[in-house]
Structure formats: C-alpha cells, structure tokens
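Listed here are the chains, written in short residue letters.
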Amino acid sequence: MFLDGKYKTTGRTILRDKGLMMLSSADTLEFNADCEGYIRIYLDCEGETDVYFTLYIDSKRENARYHVSEGKNVFIPLVALPKGIHNFKLVRQTEWGRGDVYVTGIDIKGELACAPKEKSAFIEFVGDSLVTGYGNQPNEFSEIKWGGASAYQDATRAYPYMTADALNCDLSVVAVQGIGSSCGGWEFTMNDIYDYYPRINEKDFSYNPERSADIVVIHLLGNDKYEYENRGFTLDDVFGYVEELCRMVRRKHPNAAVIFAPADFCEKGAAMIEEKLGGAKNGYYSTILYMDTLGKDGHPSVAGHESAVEVLVPLIRTILEEKGLAK
C-alpha cells in the first residue's frame, strides 16, 4: 500500500499500482514522519522527462530545484534531519506534457506519522501558460527558444500556488501552455480535455474528484485571441465556448463559486458572466488579473504573478467568508 495510506495529495494526482502519478503544475505529495538523519523520495520517469520539483521541510522551502530527467529509482536525497516529527511536501514545478513522473516510495530512518489534514477550503485554477507559471524563471538556459525549457517555469512561484498559500487553501491546477477555450495552439481545447485532464491522451479516462472545489478560477482567452478569426469563429462564438466551460466546471464542482478572469476581451467577459450566467447571485464572478510581461517571451515575472495574487486574495477571501470557509 502506497506510504501505508499516510499521506495527502493535492492536484489531480492519480494513484496507480506502480506509484503516485504527479503529472502537472503544482501537483503535491505531503506526509509527516517521525525520523532523523536522512530521507529519500524515490521517483520513476516514463518516456522523455524534463521535470523540476520543489521540496518543503517543516514549511521551509529547500533552495535546490530538483531536476528529474530519466530513469527508475531516481531519488531526491536529504540528510542531517534532527530527530523529531517532520512535515515533507513535494511539489511539481513543471506543467503537463514535460514527462510522467511516479513517486514510488520513500526511505527514512524512522516511521511515517499521521497524514496531514485537508485545509478548510479547496481552490482549482483552470487555464494556460499564465496559470502554469511558464516564463517566471527567465534567466536559465537562455539559448533555448520559446516553448522548450522546463527550467523557465516554477509553479510554486506562480499566482495559483501563491494565492492558495496566502489563503491557507488546498490547490489543484488544470492548465496547459498554449491552450484556449475555443481554439489555441493545440488540436484540443480546455473544453475538450477538462473532464479527463491530466490523462489528455486517454479518452476513456475520467477524473472524478474525491473533493469538490469551493472556488474555481478560469483564466483564459490569451490564445483564443490570436487564433479565433483564423478558425472562422466570431467573438460571440468564443464566449459561447467560455460559457460552456464555466458550466462544465460547475457540473464537476456543483457548489463552487466560479471566477472568470479573461486574459483579453475583459469587458465582454464581465458582460458574459452577468448576462449569460447570472453573476454573483448564481455564484459566477469576473475579475481582471493585472500581470506584467517581464518574464520569458512576454510571460509574467514572479512580480507579475504577485500582482495577480493581490487582486485574487481579497475577492476569494470574501467569497469564502460568505461560504463560512474563511480561516
């Protein structure tokens, strides 16, 4: 049994016989252990892999970016832990599509303790590269051109992770660089894959969350903007797809407040929320996330993501207070 069941995950992780699949931005494995000296977290990689992880120990972020590129039984090592009960949190920095990574087990000098508890509220973020955090680490491997390097991205320094952390909420990220609601840089759209993300190539897979989100933030249209006319769509068509996606999200999470943050066409986005979905009285909201373009290839820097956090935190806190979930 994986870690004797004494663990917690957030994000759309999937437990398979060989281990826990961590496939997308901000997927998290968390556990407690009464241990000392050393710990090793073992990983298996499938196919071509270029993935980074962050490790937190007792809520403190380790400085290293742990890079996983290939192989089986590769491990993240730590030593010199003082004796006692410690909390460990492994977070995937890298978005979907950069490799399938399984956590297969751990090795500790000690034993696992009780699993960490769920937070009082749960937020899901849905979107494109603005949500995955692509480009917020712009200074590494500068010779690699746009779209190539996982080193440019750290989901723990993107606004979804920072927003959930500021509000002490659990988190899931459903996002793919280049995607749109009506069209974009892929042969599929977010509407096409939302129900079975992250197993995008497995059409018979359906993700059925064990826990319904309390808040869902949808941040899209940056890619639709550049493609919709080439695909023969009108702007009304684009917003028809966005409306459909909002309703899909509500079906997946029936009690969630849905916040739509259009990357473009913001005025029309706000009108769609009010006129088509009934606005706040029906649990639908719209907001604008102000983000800079100072990261890699015009994507937001960490400071740009922090600007989005400043907008979202008070809005979400107010909604959670109305739901009786604020902490």
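So, how was this worked out
Residues numbered from 1 in each chain as written. Predicted model: local features only at pLDDT ≥ 70, side-chain atom pairs only at ≥ 80, totals over all residues. Heavy atoms only, no water. Helix = DSSP H or I, 4+ residues; strand = E, 2+ residues; numbered from the N terminus. Buried < 20%, exposed > 50% of the residue type's maximum accessible area, 1.4 Å probe, protein only. Contact = heavy atoms within 4.5 Å. Axes fitted to C-alpha atoms, helices over the stretch in contact; angles between N-to-C directions. Parallel < 35°, antiparallel > 145°, perpendicular 65-115°, else oblique. Left-handed = near helix turned anticlockwise from the far one by under 90°. Expected span 1.5 Å × (residues − 1). Bend = angle between axes of the 7 residues up to and from the residue. Polar contact = N/O pair within 3.5 Å; in protein donor to acceptor, adjacent residues only side chain to side chain. Phe/Tyr/Trp six-rings, centres within 6.5 Å; stacked < 30°, edge-to-face > 60°. Lys NZ or Arg CZ within 6 Å of the ring centre and 35° of its normal.

Participant: For this particular structure, what's the right way to read the environment of Glu227?
Facilitator: Residue placement: Glu227 occurs in helix 4 (residues 222-227). The exposure class of Glu227 is partly exposed, given its relative accessible area of 25%. Residues in contact with Glu227, not counting those within four places in the same chain, are Cys183 and Gly184.

Participant: Whenever I open this one, the packing of helix 5 (residues 235-252) against helix 6 (residues 266-277) confuses me. Can you help?
Facilitator: When two helices pack together, their arrangement is given by the angle between the helix axes and by the axis-to-axis distance. Packing of helix 5 against helix 6 leaves a shortest axis separation of 11 Å and a crossing angle of 55°. Put simply, helix 5 runs oblique to helix 6. When the axes of helix 5 and helix 6 are compared, the crossing they make is right-handed. Residues Leu235, Asp236, Phe239, Val242, Glu243, Cys246 and Arg247 of helix 5 lie in contact with helix 6, whose contacting residues are Lys268, Gly269, Met272, Lys276 and Leu277.

Participant: Can you walk me through helix 7 (residues 302-323) in this structure?
Facilitator: Quick reminder: α-helices carry 3.6 residues per turn. Residues three or four places apart thus point the same way. Here helix 7 spans 30 Å end to end across 22 residues, near enough to the 32 Å set by a 1.5 Å rise per residue. Within helix 7, the axis deviates most sharply at Leu312, by approximately 30°, and proline Pro314 lies no more than four positions further along. Inspection of helix 7 places Gly304, His305, Ala308, Val309, Leu312, Val313, Ile316, Ile319 and Leu320 among the buried residues, and these make up the whole buried set. Of the surrounding secondary structure, the elements contacted by the buried residues of helix 7 are strand 10 (122-127), helix 1 (129-132), helix 2 (159-167), strand 12 (215-219), strand 13 (257-260) and strand 14 (284-286). Among the residues of helix 7, the N-terminal cap falls to Ser301, whose side-chain oxygen and the backbone nitrogen of Ala303 are separated by 3.3 Å.

Participant: How should I be thinking about the packing of aromatic side chains in this particular structure?
Facilitator: Think of a pair of aromatic rings as described by two things: how far the centres are apart, and how the planes are tilted against each other in angle. Within the structure shown, the criterion is met by 10 aromatic pairs. Note on Trp96 and Trp186: the rings are 5.6 Å apart at their centroids and 65° apart in plane angle, and the pair reads as edge-to-face. Of this pair, Trp96 sits in the loop between strand 8 (74-92) and strand 9 (100-112) while Trp186 sits in the loop between strand 11 (170-175) and helix 3 (190-193); the two residues are 90 residues apart in sequence, bridging distant segments of the chain. Pairing Trp96 with Phe188 gives two aromatic rings, centres 6.2 Å apart and planes at 80°, and the pair type is edge-to-face. Within this pair, whereas Trp96 is found in the loop between strand 8 and strand 9, its partner Phe188 is found in the loop between strand 11 and helix 3, the two being separated by 92 residues in sequence. A single burial state applies to Trp96 and to Phe188, both of which are buried. Of the aromatic side chains, those joined through ring pairs into one cluster are Trp96, Trp186 and Phe188. The cationic tip of Lys89 hangs over the ring face of Tyr56; the distance from NZ or CZ to the ring centre is 5.1 Å.

Shape is all these values report; function is a separate question.
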